[in-house]
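Reading the structure
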Protein chains: 2
Amino acid sequence: MREVAIIGIGQTPVGEHWEKSIREIAGEAVLAALNDARRDSVEGLYVGNMMSGIISQQENLGALIADWVGLKNIEAVKVEAACGSGAAALRIAINAIASGAMEAVIAMGVEKMTENKSSEITAALATAADADFESAQGLSFVSLNALIMQRYLYEYGWKHTDFAPFSINAHANAVHNPNARLREPISLKDYQEARMISAPINLLDASPIGDGAAALVLVPADSLHGEKIISIVGSAIATDTVAVHDRPDPLWLTAAEKSCKKAYSMAGIDADDIDVFELHDAFSIMSALSLEACGFAERGKGPYLALEGEISPKGSIPISTLGGLKGRGHPVGATGIYQVVEVVQQLRGEAGETQVDGARIGMAQNIGGSGANIITHILKVK
Amino acid sequence: MREVAIIGIGQTPVGEHWEKSIREIAGEAVLAALNDARRDSVEGLYVGNMMSGIISQQENLGALIADWVGLKNIEAVKVEAACGSGAAALRIAINAIASGAMEAVIAMGVEKMTENKSSEITAALATAADADFESAQGLSFVSLNALIMQRYLYEYGWKHTDFAPFSINAHANAVHNPNARLREPISLKDYQEARMISAPINLLDASPIGDGAAALVLVPADSLHGEKIISIVGSAIATDTVAVHDRPDPLWLTAAEKSCKKAYSMAGIDADDIDVFELHDAFSIMSALSLEACGFAERGKGPYLALEGEISPKGSIPISTLGGLKGRGHPVGATGIYQVVEVVQQLRGEAGETQVDGARIGMAQNIGGSGANIITHILKVK
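Residues numbered from 1 in each chain as written. Chains lettered and ligands numbered in written order. Predicted model: local features only at pLDDT ≥ 70, side-chain atom pairs only at ≥ 80, totals over all residues. Heavy atoms only, no water.

With that settled, consider the overall build of chain A. The helix and strand tally for chain A stands at 13 helices and eleven strands. Against the 2.2 N^0.38 benchmark of 21 Å for 382 residues, chain A shows a C-alpha radius of gyration of 19 Å, consistent with a compact globule. If you line up chain A on its principal axes, its C-alpha atoms span 55 × 45 × 40 Å. Burial status across chain A gives 68% buried among its 382 residues. (Helix = DSSP H or I, 4+ residues; strand = E, 2+ residues; numbered from the N terminus. Rg over C-alpha atoms; globule rule 2.2 N^0.38 Å. Buried < 20%, exposed > 50% of the residue type's maximum accessible area, 1.4 Å probe, protein only.)

What follows deals with the pattern of salt bridges. Residues and elements named next belong to chain A. One pass over the structure, following the stated rule, counts 40 salt bridges over all chains. Among the ionic pairs, Glu 103 bridges to Arg 2, the shortest N-O distance being 3.2 Å. Here Arg 2 lies in the segment before strand S1 (4-11) and Glu 103 lies in the loop between helix H4 (85-98) and strand S4 (105-111), a separation of 101 residues in the sequence. With a shortest N-O distance of 3.9 Å, Asp 357 and Lys 314 are connected by a salt bridge. You can see Asp 357 sitting in the loop between helix H13 (332-348) and strand S10 (361-368) and its partner Lys 314 sitting in the loop between helix H11 (302-307) and helix H12 (324-328), a full 43 residues away along the chain. The pair Asp 357 / Lys 314 is uniform in exposure class, with both members exposed. One network of salt bridges, with partners in common, ties together Glu 19, Lys 20 and Glu 28. (Salt bridge = Lys/Arg side-chain N within 4 Å of Asp/Glu carboxyl O.)

Before going further, it helps to examine the relation of the copies chain B and chain A. The transformation that overlays chain B on chain A combines an axial shift of 0.0 Å with a rotation of 180°, and the residual RMSD is 0.0 Å. Such a turn and shift between the copies fits a two-fold axis. In terms of proximity to the rotation axis, the leading residue of chain B is B:Ser99, whose C-alpha is 1.8 Å off the axis. (Least-squares fit on C-alpha atoms with pLDDT ≥ 70 in both.)

We now examine the packing of aromatic side chains. All names here are of chain A. Enumeration over the complete set of coordinates arrives at twelve aromatic pairs over all chains. Ring centres of Trp 158 and Tyr 304 lie 4.8 Å apart, and the angle between their planes is 70°; on these two criteria the pair is classed as edge-to-face. Of this pair, Trp 158 sits in the loop between helix H6 (141-156) and helix H7 (164-174) while Tyr 304 is found in helix H11, placing the two residues 146 residues apart along the sequence. Exposure remark for Trp 158: the relative accessible area of 11% places this residue in the buried category. The class of Tyr 304 is partly exposed, set by a relative accessible area of 41%. (Phe/Tyr/Trp six-rings, centres within 6.5 Å; stacked < 30°, edge-to-face > 60°.)

The next subject is the environment of A:Gly109. Residues and elements named next belong to chain A. In this structure, Gly 109 sits in strand S4. As a C-alpha pair, Gly 109 and Gly 323 span 214 residues in sequence and 18 Å in three-dimensional space. Other than its neighbours up to four places away in sequence, Gly 109 contacts Gly 48, Gly 212, Ala 213, Ala 214, Gly 333, Ala 334 and Ile 337. (Contact = heavy atoms within 4.5 Å.)

This part takes up H4(A). For H4(A), built from 14 residues, the straight-helix expectation of 20 Å at 1.5 Å per residue is met to within 8% by its first-to-last C-alpha distance of 20 Å. Immediately beyond the C-terminal end of H4(A), within one or two residues, lies A:Gly100, with a positive phi of roughly 90°. (Expected span 1.5 Å × (residues − 1).)

This part is about the interface of chain B and chain A. Residue-level contacts link 57 residues of chain B with 57 residues of chain A. When the two sides are added together, the surface that chain B and chain A hide from each other amounts to roughly 4,400 Å², 49% of it contributed by carbon and sulfur. It is B:Asn60, B:Asn73 and B:Glu80 that lose the most area in chain B upon contact with chain A, and together they represent 15% of the buried surface on that side. For the interface between chain B and chain A, the tally reads six salt bridges. (Buried area = accessible area lost by both parts, 1.4 Å probe.)

It is worth spelling out helix H9 (residues 254-267) of chain B at this point. Between the first and last C-alpha of H9(B) there are 20 Å, a value that for 14 residues agrees with the 20 Å anticipated at 1.5 Å per step. Downstream of H9(B) by one or two residues, B:Gly268 has phi in the positive range, about 70°.

Residue and element names in this part refer to chain B. The buried count for strand S11 (residues 373-381) comes to eight of nine residues, which makes it a mostly enclosed element. With nine bridges connecting them, strand S8 (residues 230-239) and S11 associate as antiparallel partners. Bridging from a neighbouring strand, Ala 236 pairs with Thr 376 of S11. Hairpin connection between strand S10 (residues 361-368) and S11: a loop of four residues separates the two successive antiparallel strands, and Gly 369 in this loop has a positive phi of roughly 75°. (Pairing = 2+ DSSP bridges.)

Turning next to the packing of helix H6 (residues 141-156) of chain B against helix H10 (residues 284-293) of chain B. All names here are of chain B. Direction vectors running N to C along H6 and H10 enclose 65°, while the axes themselves pass 9 Å from each other. Our pair here, H6 against H10, has a crossing hand that is left-handed. Between H6, through Asn 145, Ile 148, Met 149 and Tyr 152, and H10, the contact on the second element is made entirely by Ser 284, Ile 285, Met 286, Ala 288, Leu 289 and Glu 292. (Axes fitted to C-alpha atoms, helices over the stretch in contact; angles between N-to-C directions. Left-handed = near helix turned anticlockwise from the far one by under 90°.)

At the junction of A:Ala199 and A:Pro200, the peptide bond is cis and its omega measures out at 0° in the coordinates. Relative to the assigned elements, A:Pro200 resides in the loop between strand S5 (196-198) and strand S6 (201-202). In the Ramachandran plot, A:Lys228 falls in the positive-phi region, its phi being about 60° despite a non-glycine side chain. A:Lys228 gets classed as exposed once you look at its relative accessible area, which sits at 51%. Even without a glycine there, the phi angle at B:Asn60 is positive, about 60°. Looking at the secondary structure, you find B:Asn60 in the loop between helix H2 (52-56) and helix H3 (61-68).

So, about the confidence of the model for chain A. Looking at chain A, pLDDT values average 97 and 100% of them are 70 or higher. Of the two predicted TM-score estimates for the complex, the pTM is 0.98 and the ipTM is 0.98. (pLDDT = per-residue confidence, 0-100.)

Here B:Ser56 lies in helix H2. Along the chain, B:Ser56 and B:Asn116 lie 60 residues apart, while their C-alpha atoms are 9.3 Å from each other. Excluding its chain neighbours within four sequence positions, the residues that come into contact with B:Ser56 are A:Ala131, B:Ile22, B:Met51 and B:Lys112.

What follows concerns the side chain of B:Asp205. Residue and element names in this part refer to chain B. For Asp 205, the position within the fold is in the loop between strand S6 (201-202) and strand S7 (212-220). As a buried residue without a salt bridge, Asp 205 has its nearest oppositely charged side chain in Lys 326, at a separation of 8.5 Å. The residues contacting Asp 205, other than those within four sequence positions of it, are Met 149, His 160, Phe 163, Ser 167, Tyr 191, Pro 200, Ala 282, Phe 283, Ser 284 and Lys 326. (Lys, Arg positive; Asp, Glu negative; His and termini not counted.)

Further remarks concern the environment of A:Gly336. Residues and elements named next belong to chain A. If you trace the backbone, Gly 336 turns up in helix H13. Distance in space between the C-alpha atoms of Gly 336 and Ala 214 is 8.8 Å, their sequence separation being 122 residues. Those residues in contact with Gly 336 that lie beyond four places of it in its chain are Gly 86, Ala 87 and Asn 366.

Residue and element names in this part refer to chain A. In this structure, Ser 235 sits in strand S8 (residues 230-239). Among the residues examined, Ser 235 registers a relative accessible area of 3% and is labelled buried. Polar side-chain contacts of Ser 235 include one of 3.2 Å to the side chain of Arg 91. Among the polar contacts listed, one links the side chain of Ser 235 to the side chain of His 377, at a separation of 3.0 Å. In this structure, Ser 235 is in contact with Arg 91, Ile 94, Ala 263, Met 266, Thr 376 and His 377, ignoring residues within four places of it in sequence. (Polar contact = N/O pair within 3.5 Å; in protein donor to acceptor, adjacent residues only side chain to side chain.)

This paragraph deals with the pairing of S7(B). In summary, the side chains of a regular strand alternate between the two faces of the sheet. Residue and element names in this part refer to chain B. The element S7 is largely enclosed, with a buried count of nine among its nine residues. Relative to S7, strand S1 (residues 4-11) runs antiparallel, the two sharing seven bridges. What sits directly across from Gln 11, in S7, is Ala 214.

With that settled, the discussion passes to the state of the cysteines. Residues and elements named next belong to chain A. With the rule as written, the count across this model stands at zero disulfides over all chains. The thiol of Cys 294 is unpaired, and the distance to the nearest cysteine sulfur, on Cys 260, comes to 3.1 Å. The exposure class assigned to Cys 294 is buried, which follows from its relative accessible area of 3%. (Disulfide = S-S within 2.5 Å.)

This is the structure in structure tokens:
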């Protein structure tokens, strides 16, 4: 299997881009990535997107974006795995090169969400849950995560305020990221006093939606020469039941554990080797569960890492280093690609104020649904 | 690049399955394909689907279906390329095996469309067109194809009635397919007197929508021994502008020509070698355009093949042999997989009354949008 390297990254700021259509946002990221890679063209384009059909009345995004950026007649499709769509598109793009079918492709993610009424967005996000057995009961995506967090507090004896350091760290890091949506630090007091959304999840536990796009240019690693080649050494998707109530233990992300273990095995490493971890902090509870499932903390003990400062850029397992979903923002189908773009920034030493010293191995993990579809990628500087 | 073989096929009848949810329809096809392949499991599931988010308020279909059929924790994602979603999922699935990442996967397609109001389905289908520059002008998907057909009649001097043999052939073949939606023969008079939908497209030019699912089990060809191994020897996607008015010639399917030529080249064959061709006859005009772009007829002369009987199972280039989109029905995201299932039936000699004698090489071509995304697969018995 041919190893795949990342030679170009591109991203738009996450925000409210009402003046741009979805193809324009996507095009900006693709052209930035091509420019970064010093290339004019690729053979394939794999677009992670969740809700363009519902929100923008536009499917067929692959062909639409390829045409818009002048990548005439290339192979181009959309890949969907709810909020994990971005990383799923990357996983698919890797196989296109690893199989020998193509020599250069783009994996990207795009989402446009801020022009609609919030009730429409809530309904669109709920399509990530089980329509027949969760959404039909009136459960929104936030309330599903609230049930998980409530159970976690009860089961392991944590207080809500113990989750504050996850959000404080994310915001502190986002301040320095020009592409982040929420570039404002928050205090413990801000967190404790934030407006309740769906108890116990308050406004500062939840990541903001946004419009945005991010893109990666991929080529076979053996086509490159020189130093500082960034290779994808692990790539795996694992799934779980879509309905949370169907899982034996709703507090354990089985799909995260499985996709992680597979990625570690492909890379020949374990959790201790990871220098930076861009995890899927859509809600603060998800940070704790991800750290546990991926081997960084024992079951029920994820919040310790945050309370002890280990998740900061200077800590033992830096997370959300450019803001994470909480601070950079969560344009759902694009998020998985933003995460990988940020890992590349870290491995290149281009992460600015929140650079993790000597980062050589980074991991990105993107989650679709409440743990239903979990995609892990491990990148290494060679 | 490892060659990929098809060892199992499954399909539900195309129809109105109001008593079943989308996961149930999908599950039937997957389990039938696994049963046909005599396997219990696979490592990956790639689901072609266009409109489940809009129609069933359900995304994350990969995880949903994998869980429903008991394929616990496997890699599973949805692939979307409008009405070409099914074949796009197959293209992605092939790479998963060709890359060496997996040893057995399922490519499937599913769509559930008949429970909604027709205005909702018309709106959902319009997401295959350009939302900003076509749909926003009030163009439905049928009316876009009507413009193309009208131009074709004008440009090449054909009469509407000259397209009758395409629909008559499709219906005649569908009669013998137990999975077809419209198992009734039609006459020339029926065609000429059919109700107008969007001039010049009448009811018998247009394929019916439907609920349905189809699935394929894929493994590396070199893992098989014995005779009658059905290999995928060509696989290619090409794209074009989504908006028809952006094309220099709206009567030429550039993406069909490009994906076909690539597939022919991979297979080391040309059009003359094709024994059976399951093309995308969503509208009768599309049959003519596909035959021309793929090298079976000269530009503007596609209808001759139909008028001269060459498209019947006994003709020189049999099309729609199990009914095609027109007769079997068009559950959009599933159609591309139905086409390949039917080519396998032909190559196995299991096509019944409409068996093409001695079929050894078959082609399936699936179209997303009005020619925006065209996916070609060539299968060969070895």
